[in-house]
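As a plain string of letters, each chain reads:
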Amino acid sequence: MKKLEESGLTKEEIIQAYRHILMGRRLDERLWQLTRIGKTSFNISGQGHEVGQVAMAMAFQPEKDYFLPYYRDMTACMVWGMTPKDIMLGSLGKEDDPSSHGRQMPNHYGSKEHNIVSHSSTVSTQFPLATGVAYGAQLKKQDYVTLTATGEGSANQGEVQEAMNFAGVKKLPLIFVIENNGYAISVGTDEQYANETMAERGPAYGFPGKRVNGNDFVETYLAFKEVVELARSGEGPALIELMVSRLTSHSADDDHSVYRSKEDIENLKKNDGLLFFEKQLIDEGYLTREEMTDIDTELKKEINQATDEAEEMPEPTADSILDHVYAEK
Ligand SMILES: Cc1ncc(C[n+]2csc(CCOP(=O)(O)OP(=O)(O)O)c2C)c(N)n1
Ligand SMILES: [Mg+2]
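All values reported here derive from a predicted model rather than from experimental measurement.

Conventions and cut-offs
Residues numbered from 1 in each chain as written. Chains lettered and ligands numbered in written order. Predicted model: local features only at pLDDT ≥ 70, side-chain atom pairs only at ≥ 80, totals over all residues. Heavy atoms only, no water. Near = heavy atom within 4 Å. Polar contact = N/O pair within 3.5 Å; in protein donor to acceptor, adjacent residues only side chain to side chain. Areas by Shrake-Rupley, 256 points an atom, 1.4 Å probe, with all protein chains shown as cover. Helix = DSSP H or I, 4+ residues; strand = E, 2+ residues; numbered from the N terminus. Buried < 20%, exposed > 50% of the residue type's maximum accessible area, 1.4 Å probe, protein only. Donors = N, O, S within 2.8 Å, 3.2 Å for Na, K, Ca; no water. Tetrahedral: all angles 85-135°; square planar, octahedral: opposite > 155°, others 65-115°. Pairing = 2+ DSSP bridges. Axes fitted to C-alpha atoms, helices over the stretch in contact; angles between N-to-C directions. Contact = heavy atoms within 4.5 Å. Salt bridge = Lys/Arg side-chain N within 4 Å of Asp/Glu carboxyl O. UniProt positions renumbered as here; feature names shortened; annotations may be inferred. Phe/Tyr/Trp six-rings, centres within 6.5 Å; stacked < 30°, edge-to-face > 60°.

Q: An account of the site of ligand 1 is requested, with residue identities and associated values reported.
A: As a matter of local geometry, ligand 1 sits amid 16 residues, with Tyr70, Tyr71, Arg72, Ser154 and Tyr183 nearest to it. Contacts to ligand 1 include Tyr70, whose side-chain N or O atom sits 2.7 Å from an oxygen atom. When ligand 1 sits alone it has 580 Å² of accessible area, and the protein chains cover 73% of it.

So this is what it looks like as structure tokens:
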């Protein structure tokens with residue numbers, strides 16, 4: 001693991017990164033609970049992706065850069081500016097949900113205010129949309145960079161190849177991310193692709209591709225920082241393959257014990273990036289265990305408040321069903 005000081009980030013920024021990572025975990029745990037008691041319809045979890053997502057998102061400038069996420073990117077969306085209450089409003093399908101005003105399934109993140117473009121349930125359709133957003137920067141001579149992500153199974157969809165090819169041809173300021181957690185629902189990587197790595201598809205389309213350990217905060221942050229700077233200075237796109245773990249079942253409607261052995265599931269806990277990051281923070285003198293406990297308590301309070309406030313908000317009314325669906329003239 002690279003040392004935290006090698007990131008070039010300040011102590012405050014590293015502690016902020018930890019708050020984001022822990023918020024991602026705790027909020028997801030809450031969303032999971034809400035499905036179990038019947039208050040929400042669904043949850044798909046980013047547990048095991050949080051460290052990589054925070055390191056990734058911190059390499060961008062969310063106030064101007066665009067993000068076209070996929071359903072596991074809740075933690076990255078919060079670095080981009082969404083709040084736990086925004087997320088909760090989406091999961092509960094409320095009228096004030098910034099993602100879709102309650103029209104979409106939970107976990108389909110979007111925020112006009114924060115340059116986060118909502119996505120379809122059809123996996124990877126955000127890839128060609130992202131080429132359009134990035135092409136816009138080029139045509140309008142603006143210096144924003146676009147980020148889009150998907151899973152390693154979804155990366156085999158046809159439109160992913162079309163998007164990467166177009167981005168390579170046009171040298172778009174676009175960073176493609178494949179969050180490789182080893183599974184597409186119940187299907188392991190052996191049955192998903194025959195390449196050695198997903199990263200090697202970057203050079204096939206004429207731009208860099210790099211595989212990084214998404215549990216190594218600094219390795220991930222520096223890898224993104226490098227390609228974001230290149231993209232912003234007109235050097236074109238890059239592909240990052242983020243190696244992460246899916247610590248939970250695919251979704252709240254799945255039970256991974258059906259296709260993962262007990263031993264594999266036990267081993268997942270030993271590969272939890274949150275625990276690595278906490279150990280690193282202690283070993284390298286950034287936080288004590290007591291300070292972490294205090295942060296955890298604070299975040300849980302914030303989540304309780306977000307849950308209570310979101311629950312009290314109104315549902316969309318039946319007569320507004322077509323609002324926010326079609327563009328107004
Ligand atoms: C085009 C399309 N095919 C199938 C599905 C159903 N589906 C949703 S998620 C998923 C698995 C995706 O796996 P991966 O890309 O590895 O992402 P992960 O869920 O592991 O993060 C599938 C098959 C879908 N939504 N869209
Ligand atoms: Mg996967």
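Let us keep going from here.
Q: Pulling in residues and values, what's your account of unusual backbone geometry?
A: Even without a glycine there, the phi angle at His101 is positive, about 55°. Residue placement: His101 occurs in the loop between helix H4 (84–91) and helix H5 (126–139). By relative accessible area, which is 25% here, His101 ends up partly exposed. Positive phi values are uncommon outside glycine, yet His324 reaches one of about 65°. Looking at the secondary structure, you find His324 in the segment after helix H11 (289–312).

Q: Run through the coordination of the magnesium ion (ligand 2), naming residues and quoting values.
A: In this structure, Glu152 (OE), Glu152 (OE), Asn181 (OD1) and Tyr183 (O) serve as the protein donors to the magnesium ion (ligand 2), at separations of 2.1 to 2.6 Å. In this structure, the magnesium ion (ligand 2) is coordinated by six donor atoms arranged in irregular fashion, with angles at the metal of 51 to 177°. Between consecutive donors of the magnesium ion (ligand 2), the numbers of intervening residues give the motif E-x28-N-x1-Y. Residue Glu152 is found in the loop between strand S2 (146–151) and helix H6 (158–170), and its partner Tyr183 is found in strand S4 (residues 183–184); the two are separated by 31 residues along the sequence. Residue class for Glu152 comes out buried when judged on its relative accessible area of 1%.

Q: Go over the sheet that holds strand S3 (residues 174–180), please, and point to the residues and values.
A: Taken in spatial order, the five strands of this open sheet run S1-S2-S3-S7-S6, and their pairing is parallel. Single-partner strands in this sheet number two, and they are strand S1 (66–68) and strand S6 (209–213). Along the sheet, successive strands turn relative to each other by an average axial angle of 20°, direction set aside. The pairing of S3 with strand S7 (residues 238–243) spans six bridges and is classified as parallel. Counted as the bridge partner of Asn180 is Met243 from S7. On the sheet, helix H2 (residues 50–57) packs against S1, S2, S3 and S7 and is oriented at approximately 170° with respect to S3.

Q: Tell me about the side chain of Gln126, and name the residues and values.
A: Relative to the assigned elements, Gln126 resides in helix H5. Owing to a relative accessible area of 2%, Gln126 belongs among the buried residues under this scheme. Within the local environment of Gln126, its side chain forms a polar contact with the backbone oxygen of Ala149, the two atoms lying 2.7 Å apart. The contact partners of Gln126, leaving out residues within four places of it in the chain, are Leu68, Pro69, Tyr70, His119, Thr148, Ala149 and Thr150.

Q: Please set out the pattern of salt bridges residue by residue, giving values where relevant.
A: Taken as a whole and judged by the stated rule, the model has 17 salt bridges. Linking Arg26 and Glu29 is a salt bridge whose minimum nitrogen-to-oxygen distance equals 3.1 Å. Of this pair, Arg26 and Glu29 both sit in helix H1 (residues 11–36), three residues apart, roughly one helical turn. The exposure class assigned to Arg26 is buried, which follows from its relative accessible area of 18%. For Glu29, a relative accessible area of 30% corresponds to the partly exposed category. Linking Asp296 and Arg26 is a salt bridge whose minimum nitrogen-to-oxygen distance equals 2.8 Å. Of this pair, Asp296 sits in helix H11 while Arg26 is found in helix H1, placing the two residues 270 residues apart along the sequence.

Q: Got a sec to walk through the UniProt feature "domain: Dehydrogenase E1 component" (unreviewed entry) in the protein chain? Specific residues and values, please.
A: Under the UniProt annotation, "domain: Dehydrogenase E1 component" (unreviewed entry) lies at residues 19–318. Secondary structure within residues 19–318 divides into 44% helix and 10% strand; the distance between the first and last C-alpha atoms comes to 38 Å.

Q: Describe the packing of aromatic side chains, listing the residues and the values that go with them.
A: With the rule as written, the count across this model stands at 12 aromatic pairs. Considering the side-chain rings of Phe127 and Phe176, the 5.2 Å spacing of their centres and the 25° angle between planes classify their relative orientation as stacked. Of the two residues, Phe127 sits in helix H5 while Phe176 sits in strand S3, which places them 49 residues apart along the sequence. Summarising the burial analysis for this pair, Phe127 and Phe176 share the class buried.

Q: For the environment of Asp296, give the residues involved together with the corresponding values.
A: Taking the relative accessible area as the measure of exposure, Asp296 reaches 13% and is therefore buried. As for Asp296 and Leu22, which are separated by 274 residues in sequence, their C-alpha atoms are 7.3 Å apart. Each residue touching Asp296, except ones within four places of it in the same chain, is listed here: Leu22 and Arg26. Side-chain polar atoms of Asp296 contact the side chain of Arg26, separated by 2.8 Å.

Q: I'd like to hear about H2, residue by residue, with values.
A: The buried fraction of H2 is high, at eight of eight residues. Of the positions making up H2, those classed as buried are Glu50, Val51, Gly52, Gln53, Val54, Ala55, Met56 and Ala57.

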